[in-house]
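# A closer look at the structure
The chain contents come next:
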Amino acid sequence: MSTLPVSSAGDPPVIGVLALQGDVREHLHALAESGARARPVRRPEELAEVDGLVIPGGESTTMSKLAVIFGLLEPLRERIRDGLPVYGTCAGMIMLANKILDGRDDQETFGGIDMIVRRNAFGRQNESFEAAVDIAGIDDGPVEGVFIRAPWVESVGGDVEVLATHEGHMVAVRQGAVLATSFHPELTGDHRVHALFVGMVSGGQRSAPGGGHGEVGRSR
Ligand code: GLN
């Protein structure tokens, strides 16, 4: 699959939302509000046409099954290895973990971040909560973190940046072009995390190898 960006420098990036299951609509809205061209992704052909991808919250065991059925597991693993920027929230974070704890035996992940993630670490549905979370790289105060049967990051490898913690647990991490949060910024009206991700995707467009699209005009 091509590693060249879909959009030319200067165009808003095309960012997909993995639409197998979960809160897809909210992410499409937050991405559009953050200046991206947002579209759902269900098929490998649609995956090939995005500059970046969001993996929503929902249920990671179901998402894992559907990714196999829709033929997306290997194509997405390959695009992530090739440097596709990806942002996962909650179940999406679980899908980006190289290893998970308290998963189902047959549960697959896409991987992408050298971390071990514990599912449902913050408790069950009725222990869901909101908390202010300070995120490295996001100015103007904390974001409102919505934690719903949320995972936390139990441990990370040396190349992983920890962007936020809550009560001592890692809840936002980044490794290269892959970003993950335990919580759901798409459920609040505050799109700063999506804007950070759109910036990561746009940055990748500007510095993409090959230079086939050229550095036309000023970077956004
Ligand atoms: N606990 C869910 C899972 O394991 C994630 C919950 C969520 O995405 N809000 O997939």
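The model shown is predicted, which means the values in this text are computed figures rather than measured ones. (Residues numbered from 1 in each chain as written. Predicted model: local features only at pLDDT ≥ 70, side-chain atom pairs only at ≥ 80, totals over all residues. Heavy atoms only, no water.)

## Section: the pairing of strand β6 (residues 113–118)
Selection criterion: Using a 1.4 Å probe on the protein chains alone, a residue whose accessible area is under 20% of its type maximum counts as buried, one over 50% counts as exposed, and one in between counts as partly exposed. Strands are runs of DSSP state E lasting at least two residues, helices are runs of H or I lasting at least four, and both sets are numbered from the N terminus onward. Paired strands, in this sense, are two strands between which DSSP finds at least two bridges.
Here β6 shows a buried face lined by I113, M115 and V117 and an unburied face lined by D114, I116 and R118. When strand β5 (residues 97–101) meets β6, the two strands line up parallel, connected through four bridges. Residue pairing across strands places L101 opposite R118, the latter belonging to β6.

## Brief notes about the site of the ligand
Our working definition: For this description, a residue counts as near a given molecule or strand if any of its non-hydrogen atoms is within 4 Å of it. Polar contacts, as used here, are pairs of N or O atoms within 3.5 Å; protein pairs need one atom able to donate a hydrogen and one able to accept it. Residues neighboring in sequence count only if both atoms are side-chain atoms. Exposure was quantified through the Shrake-Rupley algorithm and a 1.4 Å probe, taking into account, for residues, occlusion by the shown protein chains and nothing else. Residues were grouped as follows: Ala, Val, Leu, Ile, Met, Phe, Trp, Tyr, Cys and Pro as nonpolar; Asp, Glu, Lys and Arg as charged; and all remaining residues, including Gly, as polar.
In the neighbourhood of the ligand, the contacting residues comprise G57, G58, E59, S60, C90, A91, I94, R119, N120, I148, R149 and H184. S60 is positioned with one of its backbone polar atoms (N or O) 2.4 Å from an oxygen atom of the ligand. A distance of 3.0 Å separates a nitrogen atom of the ligand from a polar atom in the backbone of I148. Protein contacts shield 98% of the accessible area of the ligand, which totals 300 Å² for the unbound molecule. Taken together, the residues that form the shell around the ligand break down as four nonpolar, five polar and three charged.

## Focus: the packing of aromatic side chains
The following threshold applies: Note on aromatic pairs: the rings of Phe, Tyr and Trp (six-membered ring only in Trp) are paired at centre separations within 6.5 Å, and the planes decide the class, stacked below 30 degrees, edge-to-face beyond 60, tilted for the rest.
This model, assessed by the stated rule, comprises six aromatic pairs. Measuring from ring centre to ring centre gives 5.4 Å for F122 and F147, while their planes differ by 65°; the resulting arrangement is edge-to-face. Within this pair, whereas F122 is found in the loop between β6 and β7 (129–133), its partner F147 is found in strand β8 (residues 143–147), the two being separated by 25 residues in sequence. In terms of burial, F122 and F147 fall into one category: buried. Considering the side-chain rings of F147 and F183, the 5.5 Å spacing of their centres and the 55° angle between planes classify their relative orientation as tilted. You can see F147 sitting in strand β8 and its partner F183 sitting in the loop between β12 (178–181) and α6 (192–206), a full 36 residues away along the chain. A residue is classified by how much of its surface remains accessible, and F147, at 1% relative accessible area, is buried. For F183, a relative accessible area of 0% puts it in the buried group. Members of the aromatic cluster, each reached through a chain of ring pairs, are F122, F129, F147, W152 and F183.

## Let's talk about the side chain of S34
Topologically, S34 is positioned in the loop between α1 (24–33) and β2 (37–41). Exposure remark for S34: the relative accessible area of 19% places this residue in the buried category. Engagement of the side chain of S34 in a polar contact is seen with the backbone oxygen of A30, the distance being 2.7 Å.

## A closer look at the confidence of the model for the chain
Note the following rule: A score from 0 to 100, pLDDT tells how confident the predictor is in each residue. Whether two residues touch is decided by their heavy atoms; if any such pair falls within 4.5 Å, the residues are in contact.
Averaged over all residues, the pLDDT of the chain is 91; the fraction at 70 or higher stands at 90%. Taken as a whole, residues 206–220 scores under 50 in pLDDT and shows 16 contacts with residues more than four places along the chain or in a different chain.

## Here's the deal with the environment of E46
You can see E46 is positioned in helix α2 (residues 44–47). Sequence separation between E46 and L18 is 28 residues; the distance between their C-alpha atoms is 9.8 Å. Beyond its immediate stretch of four places on either side in the chain, E46 contacts P40 and V41.

## Some remarks on unusual backbone geometry
The phi torsion at R149 lies on the positive side, around 45°, for a residue other than glycine. Locating R149 in the fold gives a position in the loop between β8 and β9 (152–156). Its identity as a non-glycine residue notwithstanding, E167 has a phi of 50°, on the positive side. Within the secondary structure, E167 sits in the loop between β10 (161–166) and β11 (169–175). Accessibility expressed as a relative area gives 68% for E167, which makes it exposed.

## Considerations on the environment of V41
You can see V41 is positioned in strand β2. Sequence-distant contacts of V41, that is, excluding residues within four places in its chain, are made with G16, V17, L18, A19, E46, L47, V50 and L53.

## Here we look at helix α3 (residues 60–69)
It helps to recall that an α-helix has 3.6 residues per turn; residues three or four apart then point in one direction. Three or more residues of α3 are buried, namely S60, T61, M63, S64, L66 and A67. Buried-residue contacts for α3 involve β3 (52–55), α4 (73–81) and α5 (91–95).

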